[in-house]
Amino acid sequence: MSEVKKTAPGGGRGGGWTRFVTARPRLTLLVALVLTALAVLAGGGVADRMASGGWEDPAAESTYATKALERQFPGSQPNVLLLVDAGAPGVDAPAVAAEARRLAERLDAEPGVDGVGSYWSTGSPALRSEDGRQAVIAARIAGEEKDAAAVLDRIAPAYRGTHGPVEVSLGGGLAVRHEMQTVIQEDLLRAEVIALPLTLVLLVMVFGSAVAALLPLGVGIVAILGTNAVLRGITEFTDVSVFAQNLTTALGLGLAIDYALFVVRRYREELAAGADTYAAVRTTLRTAGRTVLFSALTVAVSLAAMLVFPQYFLRSFAYAGIAVVLLAATAALTLLPAALVLLGDRVNALDLRRLLRRGRAAGKDTAGTGRDAAGTGRDAAAPGGRDDSAGAGWGRAAALVMRRAPVFAVVTTAGLVLLGLPFLGVKFGTADDRQLPVTASSRVVQDQLRDGFPGNPGGGLTVLAEGTATPAQYAGYRERIAALDGVARAEGPVTAGGGSAYFTVVPDGETVGAGAQRVVGELRAAEAPFTTTVTGPAAVLVDSKDAIGDRLPWAAGIIVLVTLLLVFLLTGSVVVPVQAVLLNALSLTAMFGAVVWVFQEGHLAGFLGFTSTGDIETTLPVLMFCVAFGLSMDYGVFLLSRIKEEYDATGDHEHSVRFGLRHTGGLITAAAVILAVVMVAIGTSRVTNTKMLGLGVALAVLMDAMVVRSLLVPSVMKLTGRLTWWAPAPLRRFHDRFGISETDAPADTGDGSGTDTGATADADADGRTYSAVR
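Scope of this entry: the structure provided in the associated data block. (Residues numbered from 1 in each chain as written. Predicted model: local features only at pLDDT ≥ 70, side-chain atom pairs only at ≥ 80, totals over all residues. Heavy atoms only, no water.)

A count of helices and strands for the protein chain gives 25 helices and 13 strands. Out of the 774 residues belonging to the protein chain, those deemed buried represent 58%. Residue pairs in contact within the protein chain that sit at least 24 positions apart in sequence constitute 78% of those at least 6 positions apart. Accessible area for the protein chain stands at about 29,400 Å²; split by element, carbon and sulfur atoms hold 62% of it. (Helix = DSSP H or I, 4+ residues; strand = E, 2+ residues; numbered from the N terminus. Buried < 20%, exposed > 50% of the residue type's maximum accessible area, 1.4 Å probe, protein only. Contact = heavy atoms within 4.5 Å. Areas by Shrake-Rupley, 256 points an atom, 1.4 Å probe, with all protein chains shown as cover.)

Written out as structure tokens, the structure reads:
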């Protein structure tokens, strides 16, 4: 093993942060270890404090009506259902009826349980199965979701199972959400068990060195543990969805690996070019470090856009995403450089690829050259430290694409648009028990209620009437709403003191289908002698869609404007940012098309193990867009920064595009494959929404890295030519003053060409001569 080359910590250039990291690496790592240990303690039990809902708009009419009904009529909003199965004797048998009444009375006496009602006390046909063998006891557990779940945990064992002549099972919205939370936690643990070893194997294949492979994994673990601590703190002030933990794991590993790949690759290049350890780290932070920072900002902005939505399901992903992105970038720019200073060229130690290279001469081993398996390293023997062989395949591919740029641009764009066409038929719905596997106990109950009961108990609409009214006025209103198109029946009113009442409306067809949503609009438009508000699953869906539609332009505007600004600051061009936004959006078409084709239309449902409901949960496309767009920009920044660095050095546009692909194509592909593995591990979840998120984002990442970055970007940049780098003079001067690029020492002549007057000649892999900053 070669001797580690180091210079005095205070020597060389570098800002205060760079000097601190390189001068006190052990202190940096010690502080990080202590903070990580504290994060483990602070983040312990965070999943138990999370909630499994969050799809409702807190300011919506349906939310107001739900809360008002919960206060005034607890029995109108049952969230726990006891399905009583009497078997052959039927629910009207005397012994069955007596046992059922006893269970209902016992349930009504439980602390925290309100509004208990049953088929045996009301005689309602909606609470009795069509074959007469089953009936329902309905109740509401009041309080916040976490408190209600605790009550359910306490009472469930006493009611589930055999009671004399009947068998009792538990269902209802609270039971479904609670079981969903449990399943998600179990699935996340399994995903981590799958993803971590596979990620380590892939990293060893990418880096060759086992030492280098462990560095990104360490950064990812720090980011995940830190984010759990942040989320634990946020739960003290607001609701956080349990689904957000999946994003924490996926992005924590994925982005940490992306950033570590980029930093370690650049560090190994500098070592191979002859730099000592401290100089290599400083140069890496000044160049690749800037790109990592910009990449983190673009991803964070995409995720932060979800804060404009009122649903805490979406806001939770913003909390988790912003935290994990910033922590991953911070760890990559502090802990990783500190570790590299201590390791020196030992970062290339333990080359496990030798086991797979039988018969190859020892002299061909690349472990000590600083060249990584992604084809992105430098060879010290190459002129100027540039690698003339590694990644040559990417360079040749880029040259081929640019020679046939119009063909590749048109064909690739048409193919992506074609893949996205199924999304034109998207239908939006709401999450229900069918998110769970068919064997889940609460899902089994809900399936029986849906298939065997008239009107699906708990799935209808409720109209809250507030204001003084006579019995005749109530009766007249009930007749008007019962006559509405799409209404199967209307029941009520149920009255209480203070001038309030409610009506139950059962729509035809699916609980949240298009017909039920039309009924919501008709009920809200119906004339009444009192104030009315409507709630129920279909009303919640209508309000959720309205809230998302109202705020979607704001979220998209934030993402686009901030992305344009950040990419301009990175490149100094007004054309490149527009290209980046359009091509990134185009890279998501396959994901959205696949989501509809698979999860809405049900193709591959048996193979993937989920139940298609014929629609897509309303918030999922927004979430998937923000996550996938941010990750696509992550890869875009890596590529553009390297192209811009070379263009600043040479002024040769086509060469710079080839150079960028040659030096980042393998890196981006390796990072995308590793992130896709993590997302697919998340996609093994038994909960449909989590499965959709994991598999959909994995597809988007692979399409972006292997199609958009490899084919569309070079072909479009060829077509725009040197115009790619154009900016008006005022904006160019702005960029000269405030812009940040990966170039260590930019030298612009001021004419916008980026040519360095002090450059010297060199040659790239295809023999083309170019000038390079020395």
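A few words on the environment of Leu461. Summarising the element assignment, Leu461 is placed in strand E7 (residues 461-466). Taking the C-alpha atoms as reference, Leu461 lies 7.1 Å from Pro537; in sequence the two are 76 residues apart. Ignoring sequence-local partners within four residues, the contact set of Leu461 consists of Phe503, Thr504, Val505, Pro507, Ala516, Val519, Val520, Leu523, Thr535, Gly536, Ala538 and Ala539.

Let us look at the pattern of salt bridges. Enumeration according to the criterion identifies 27 salt bridges in this entry. Notably, a salt bridge pairs Asp92 with Arg128, separated by 3.7 Å at the nearest N-O pair. In this pair, Asp92 is assigned in the loop between strand E1 (80-85) and helix H4 (94-108) and Arg128 in the loop between helix H5 (119-122) and strand E3 (134-141), connecting sequence segments 36 residues apart. Since its relative accessible area comes to 28%, Arg128 is described here as partly exposed. Of the charged contacts in the structure, one is a salt bridge between Arg266 and Glu645, with a shortest N-O distance of 3.0 Å. Residue Arg266 is found in helix H9 (residues 244-272), and its partner Glu645 is found in helix H22 (residues 620-650); the two are separated by 379 residues along the sequence. No difference in accessibility class separates Arg266 from Glu645, as the two residues are buried. Taken together, the salt bridges that share partners define one network made up of Arg265, Arg266, Glu269, Glu270, Arg642 and Glu645. (Salt bridge = Lys/Arg side-chain N within 4 Å of Asp/Glu carboxyl O.)

Let us now look at the environment of Thr235. Relative to the helices and strands, Thr235 is located in the loop between helix H8 (210-234) and H9. In this structure, the C-alpha to C-alpha distance between Thr235 and Ala47, residues 188 residues apart in sequence, is 9.9 Å. Those residues in contact with Thr235 that lie beyond four places of it in its chain are Arg49 and Val240.

The next subject is helix H3 (residues 61-72). For H3, spanning twelve residues, the distance from its first C-alpha to its last is 16 Å, which sits close to the expected 16 Å at 1.5 Å a residue. All of the buried residues along H3 are Ser62, Thr63, Ala65, Ala68 and Leu69. Those residues of H3 that are buried lie in contact with E7, strand E9 (500-507), helix H17 (514-525), strand E10 (531-535) and helix H18 (537-571). (Expected span 1.5 Å × (residues − 1).)

Attention now moves to the nonpolar core. The biggest cluster of nonpolar side chains holds 158 residues, and the ones touching the most others in it are Phe243, Tyr259, Met306, Val325 and Leu623. Per-element tally for this core: the top contributor is helix H12 (residues 312-343), with 19 residues. Excluding anything up to four places from it in sequence, Met306 contacts Leu314, Arg315, Phe317, Ala318, Leu623 and Cys626. Residues Leu81, Ile137, Val168 and Ala175 belong to the second largest nonpolar core, which totals 38 residues. (Core = buried A, V, L, I, M, F, W, Y, C linked by side-chain atoms within 4.5 Å.)

Of all the eight residues making up E3, eight are buried; the element is thus mostly covered by neighbouring parts of the structure. Of the strand pairs in this sheet, E1 and E3 are connected by six bridges, and their pairing is antiparallel. Counted as the bridge partner of Val80 is Ala139 from E3. When strand E2 (residues 113-118) meets E3, the two strands line up antiparallel, connected through four bridges. Following the sheet pairing, Val113 is matched in E3 by Ile141. (Pairing = 2+ DSSP bridges.)

Here we take up a nonpolar patch on the surface. Taken together, Phe20, Leu27, Leu30, Val31, Leu33, Val34, Leu35, Leu38 and Leu41 make up a surface patch of nonpolar side chains, about 860 Å² in accessible area. Per element, the largest residue contribution to the nonpolar patch is eight residues, and it comes from helix H2 (residues 25-43). Topologically, Leu27 is positioned in helix H2. Taking the relative accessible area as the measure of exposure, Leu27 reaches 41% and is therefore partly exposed. (Patch = residues over 30% accessible without salt bridge, like charges linked within 9 Å, V, L, I, M, F, W, Y side chains within 5 Å.)

Moving on to the sheet that holds E3. Taken together, five strands build an open sheet; the order of strands is E2-E3-E1-E5-E4 and the sheet is antiparallel. In the strand order of this sheet, the two ends are held by E2 and strand E4 (161-163), each with one partner. Here the strands of the sheet are splayed against their neighbours by 25° on average, with no regard to which way each runs. Relative to strand E5 (residues 166-171), E4 runs antiparallel, the two sharing three bridges. Bridge pairing in E5 links His163 to Val166. (Axes fitted to C-alpha atoms, helices over the stretch in contact; angles between N-to-C directions.)

Pairing is antiparallel across the open sheet formed by four strands, whose spatial order is E8-E9-E7-E10. Each edge of the open sheet carries a strand with a single partner, namely strand E8 (487-496) and E10. Adjacent strand axes in the sheet meet at a mean angle of 20°, parallel and antiparallel pairs treated alike. Bridge analysis of E8 against E9 gives seven bridges, and the strand direction is antiparallel. Within E9, the position partnered with Glu491 by the bridge is Thr504. Across the sheet, helix H16 (residues 471-482) touches E7, E8, E9 and E10, and the angle it forms with E8 is around 160°. Most of the contacts of H17 go to E7, to which it runs at about 10°, and overall it touches E7, E8, E9 and E10.

On to the side chain of Thr298, then. Among the secondary structure elements, Thr298 is positioned in helix H11 (residues 288-304). Note on Thr298: relative accessible area 1%, which makes it buried. Only 2.6 Å separates the side chain of Thr298 from the backbone oxygen of Ser295, close enough to count as a polar contact. Not counting residues up to four positions away in its chain, the partners in contact with Thr298 are Leu566, Met633, Asp634 and Val637. (Polar contact = N/O pair within 3.5 Å; in protein donor to acceptor, adjacent residues only side chain to side chain.)

Position of Ser295 relative to the elements: it lies in helix H11. Judged by its relative accessible area of 0%, Ser295 is buried. With near-sequence residues (within four places) excluded, Ser295 lies in contact with Tyr259, Asp634, Val637 and Phe638.

Tallying each qualifying case throughout the model produces 17 aromatic pairs. Residues Phe73 and Tyr502 carry aromatic rings whose centres are separated by 5.0 Å and whose planes lie at 70° to one another, so their mutual orientation is edge-to-face. With Phe73 in the loop between H3 and E1 and Tyr502 in strand E9, this residue pair connects regions lying 429 residues apart in the sequence. As far as burial versus exposure is concerned, Phe73 and Tyr502 are alike and both buried. Aromatic side chains Tyr477 and Phe503 sit 5.2 Å apart centroid to centroid with 65° between the ring planes, which places their arrangement in the edge-to-face category. On the criterion of sequence distance, the pair formed by Tyr477 in helix H16 and Phe503 in strand E9 is long-range, its members being 26 residues apart. One aromatic cluster is present, formed by Trp55, Phe243, Phe313 and Phe317 through successive ring pairs. (Phe/Tyr/Trp six-rings, centres within 6.5 Å; stacked < 30°, edge-to-face > 60°.)

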